[in-house]
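Structure assessment
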Amino acid sequence: MKDIENVCLEVDELDFDNYSPISPDIVLTSSFKFKNFDHYVKVNAKEEFAYTYTRDGNPTLNLLETKLARLEKGEAAQMFASGMGAISASILTLAKAGDHIIIVNTVYGSSVKLIKQLSKFGIESTKIDVSDTLEIFDYVKNNTSIIYFESPSSQKFEMLDLELISKFSKDKGIFTIIDNTWSTPLLQNPLVHGIDVVIHSCSKYIGGHSDIVGGVVISSKKIIDEIVEFGQVLLGATMSPMNAWLALRGLRTLPVRLKSQQETLQQVINFLQEDPRIERIYHPLCNGEQQNELAHKYLKGYGSLLGVVLKDANPEIIKRFIDSLEHFTLAYSWGGFESLVMSVYKGNNINEIKERGLSLGQLRMYIGLEDSELLISDLKNALDQAYQ
Ligand code: PLP
């Protein structure tokens, strides 16, 4: 992990005429001047490289792309305005009318909605739930062109065997796309195991301070060139240079944040496992022996986002638990400095919860940078209030 951490920490070589900043410039511009007409002609003929327009490329974004590609051990990367921008650009570039996409397990809800929407362009999809990676291949059709998944998945944090998926898919010419946001490029590198495309929402751990929305796709140069040409330049979800700069700053502390959060996570899990009011915990550390083996094979550490199910939960218990928490904020998203909680029960969605195979008392909890004793006493107090 040390070599990878150094990519986050190294000081970039940025030499200008009479200064070399430790922190890179934010090149906050939409457009770039050509030197003269000849330069304009050469750049347009691709005889010479120059930045021309930020939707087509920007030095601050490129610095971030280079670092993220190195961290994920990919050939190239492309930034986007959001994780969903990265996901939609990748899928819309790689799929065509007549194709079939398989979505595996509980992936992020908006990704499922996006892929389902593609039926109006003649792209069909099947959303499947599997407990064993091999089951995925039963759903492959002649026109299956993409297997889209997360490992660990959202909500249930189930792992899949990346090497099995990549081997099977390569033989059949199917693209494999993983949303690797939970692991960050520091804890899992799917490209090394043969997966074709890795996506991150940079709004989470990479930004790390709950102040940006952004996304990235990392892959081979060939695939990224295709995604840039259509998914970035034409669909146009361009990340702002300011957000790219904040993500570069976020990367500096990613290794130390992850270490601290993993230690706190372990202590919180130890506490929750002993508490009789907790029905179950969803996290690769707690999902059983087979899942543990996959975690050991692929993960170099653990993300601090987990699922927690309250025993015999009803709407009143959920409300009392959440409203009693003082150090977990009820809010969407995760990956920032602050601990968060969110319940899958939103007041009027019991049918949807059943359809998604989730439980009424299921919460998504994110362990931030606060002290573990503080978080544990907060959880204990909220459980006492909920089950009084
Ligand atoms: N992937 C995962 C696992 C997420 O949790 C999210 C957002 O919550 C996204 C993708 C979407 O990212 P963004 O909000 O940056 O579009």
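Notes on the structure in this doc start here. For clarity, every value in this text was computed on a predicted model and none was experimentally measured. (Residues numbered from 1 in each chain as written. Predicted model: local features only at pLDDT ≥ 70, side-chain atom pairs only at ≥ 80, totals over all residues. Heavy atoms only, no water.)

This next bit is on the sheet that holds strand β10 (residues 329-330). If you trace the five strands from one edge of the open sheet to the other, you get β8-β9-β12-β11-β10, paired in mixed fashion. Because the sheet does not close on itself, it has two edges, and the strands there are β8 (278-282) and β10. Alignment of strand β11 (residues 340-343) against strand β12 (residues 362-366), held across four bridges, turns out to be antiparallel. By the bridge assignment, M342 is partnered in β12 with R364. (Pairing = 2+ DSSP bridges. Helix = DSSP H or I, 4+ residues; strand = E, 2+ residues; numbered from the N terminus.)

The next point concerns the sheet that holds strand β5 (residues 175-179). Taken in spatial order, the seven strands make up an open sheet running β1-β7-β6-β5-β4-β2-β3, and their pairing is mixed. For this open sheet the edge positions go to β1 (76-80) and β3 (124-128), each flanked by a neighbour on one side alone. The sheet shows a mean angle of 20 degrees between the axes of neighbouring strands, direction not considered. In this structure, β1 lies alongside strand β7 (residues 215-219), joined through five bridges in antiparallel fashion. When the sheet's bridge partners are listed, Q78 is paired in β7 with V217. Contacts between helix α6 (residues 162-172) and the sheet are confined to β4 (144-150) and β5, with β4 contributing the most and set at about 170 degrees to the helix. (Axes fitted to C-alpha atoms, helices over the stretch in contact; angles between N-to-C directions. Contact = heavy atoms within 4.5 Å.)

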